[in-house]
Amino acid sequence: MKKIFLIISLILINLNQAKTINDSLYIPNDFHAIVFDDCDACGCAAGNGSSGFESLLNPQFIGIKYFAQYYKAKENLFVKDLTQDQYFNTIQLWGKIPLTKKLSVYASLPFHFHEKKTLQGDIRINGIGDLNLMGIYQLLNSQDNIHQLNGGIGVKVPLGKFDDKGISGVNPSFQMGTGSWDYQMVLNYKFQKNKLAVLLNTDYTIKTENKKQYHFGNQWNYTATGFYQILSNEKVIFSGKAGLQGEVYDRNKQFDEVLPNTAGSALYGKLGFEASYKKFSLGSEIMLPAYSNLAGGDIEAKSRFSVFLNVGI
């Protein structure tokens, strides 16, 4: 964490030395934004939700990202209090590589290390997660580059371990992976003019039954994020961002039977920044719940935090 703060501080020092501000927000013409990540609201491996993937400054990149989630859960069914702390942490390698002028490939490979604190002691699991692969195509780009629309389809490859013993707890998503092949669709719209940019995103994941006859519910995510360029010069750009993110989860099934208290929804407010220096971009955001109704109220979303470092290609 100290290294993260050091990097941010160095970038902010460079920004304060900027002498000129451009008249418009620098966004490359081949910009493709997508909100897609590897963690859902009930814990990382269960469903490929969103933490906010909006790279304005290096839309084609390879990089590394850290994503943390914190939840409260009901440990004892005979009490109303949410006493169990659950921490879901992910470090992922990701990239978005252009194949043609309009077509790109997105991929991410996560490594999870999760922890929950129970009355019987702390439980920790860690390991590789599910691989995500997606093709992204530019459907529309206006001549003045003010409007842009992108669509994508993809697949999640079940590399992460699924432990059927873990589904007996209050949060069946305390896993490394779903154990199933899941299919993804995403649609992204960008409006950009002068120093302002607005991104609207929606994605849907269709999940299938795994070999243990467990079927996580389908998932819908939607996000609206505004960006504003605060400082810039020839080498350094700094933009702030704020927005809302919602997530909706269908019910899980086991042996084709619907399981109670497995559906839910949550709405987050988020605030963050993105900065670039030459080919490098650094971004971070914090998310706090405005609304949380997960697992029939047995799980409460508390906070999320992410930071990434990318290299443009």
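Residues numbered from 1 in each chain as written. Predicted model: local features only at pLDDT ≥ 70, side-chain atom pairs only at ≥ 80, totals over all residues. Heavy atoms only, no water.

Side note on the overall build of the protein
In terms of regular secondary structure, the protein is built from one helix and 16 strands. Counting every position in the protein, which comprises 313 residues, the buried fraction comes to 51%. Summarising the internal contacts of the protein: among those between residues at least 6 apart in sequence, 64% fall at separations of at least 24. Element-wise, carbon and sulfur atoms account for 62% of the exposed surface of the protein, whose accessible area totals about 14,500 Å². (Helix = DSSP H or I, 4+ residues; strand = E, 2+ residues; numbered from the N terminus. Buried < 20%, exposed > 50% of the residue type's maximum accessible area, 1.4 Å probe, protein only. Contact = heavy atoms within 4.5 Å. Areas by Shrake-Rupley, 256 points an atom, 1.4 Å probe, with all protein chains shown as cover.)

A closer look at the side chain of T90
Along the chain, the position of T90 falls in strand 2 (residues 84–98). Here T90 falls in the buried class, since its relative accessible area comes to 1%. A polar contact of 2.8 Å, which involves the side chain of T90, links it to the side chain of H112. (Polar contact = N/O pair within 3.5 Å; in protein donor to acceptor, adjacent residues only side chain to side chain.)

Here we look at the pairing of strand 10 (residues 219–232)
Two elements, strand 8 (residues 196–206) and strand 10, share ten bridges in a ladder whose sense is antiparallel. Bridged to D203 within strand 10 is N221. Pairing of strand 10 with strand 11 (residues 236–249) involves 13 bridges; the strand directions are antiparallel. Of the residues in strand 11, the one forming a bridge with Y228 is G240. Adjacent in sequence and paired antiparallel, strand 10 and strand 11 are bridged by three residues. (Pairing = 2+ DSSP bridges.)

A few points about the confidence of the model for the protein
Parts of the model with low pLDDT should not have their predicted coordinates read in detail. The pLDDT averaged across the protein works out to 84; a share of 81% of its residues lies at or above 70. Within the model, pLDDT remains below 50 along residues 1–54, and this stretch shows 203 contacts once partners closer than five positions in the same chain are excluded. (pLDDT = per-residue confidence, 0-100.)

So, the pairing of strand 2
Bridge count between strand 1 (residues 61–73) and strand 2: 13 bridges; the pairing is antiparallel. When the bridges of strand 2 are listed, Y70 appears paired with Y87. Where strand 2 meets strand 3 (residues 103–118), 13 bridges bridge the pair, whose relative direction is antiparallel. When the bridges of strand 3 are listed, N89 appears paired with F113.

Remarks on the sheet that holds strand 9 (residues 214–215)
Pairing is antiparallel across the open sheet formed by three strands, whose spatial order is 9-12-13. Looking along the sheet, the strands with just one partner apiece sit at the ends: strand 9 and strand 13 (257–258).

Regarding the environment of G95
Note on placement: G95 falls in strand 2. Residue classification places G95 among the buried residues on the basis of a relative accessible area of 8%. Once residues within four sequence positions are removed from consideration, G95 is found in contact with F61, I62, V105, Y106 and A107.

Things to note about the packing of aromatic side chains
This structure, assessed with the given rule, holds ten aromatic pairs. Arranged with centres 5.3 Å apart and planes meeting at 70 degrees, the rings of F61 and W94 form a pair that is edge-to-face. Of this pair, F61 sits in strand 1 while W94 sits in strand 2, and the two are 33 residues apart along the sequence. For the residue pair F61 and W94, the accessibility class agrees, reading buried in each case. Aromatic pair F88 and F174: ring centres 5.8 Å apart, planes at 80 degrees, arrangement edge-to-face. Taken together, the residues F88 in strand 2 and F174 in the loop between strand 6 (147–157) and strand 7 (182–193) connect sequence positions 86 residues apart. The burial state of F88 is the same as that of F174; both residues are buried. The structure contains a cluster of three or more aromatic residues connected by ring pairs, namely F61, W94 and F308. Over the face of the ring belonging to F174 we find K116, whose NZ or CZ atom lies 4.6 Å from the ring centre. (Phe/Tyr/Trp six-rings, centres within 6.5 Å; stacked < 30°, edge-to-face > 60°. Lys NZ or Arg CZ within 6 Å of the ring centre and 35° of its normal.)

Things to note about the side chain of R304
Note on placement: R304 falls in strand 16 (residues 299–312). Residue class for R304 comes out buried when judged on its relative accessible area of 2%. Side chain to side chain, R304 and Y268 meet in a polar contact 3.4 Å long.

Thoughts on the environment of Y277
Locating Y277 in the fold gives a position in strand 14 (residues 264–277). As a C-alpha pair, Y277 and N233 span 44 residues in sequence and 9.8 Å in three-dimensional space. Those residues in contact with Y277, other than ones at most four positions away along the chain, are K235 and V236.

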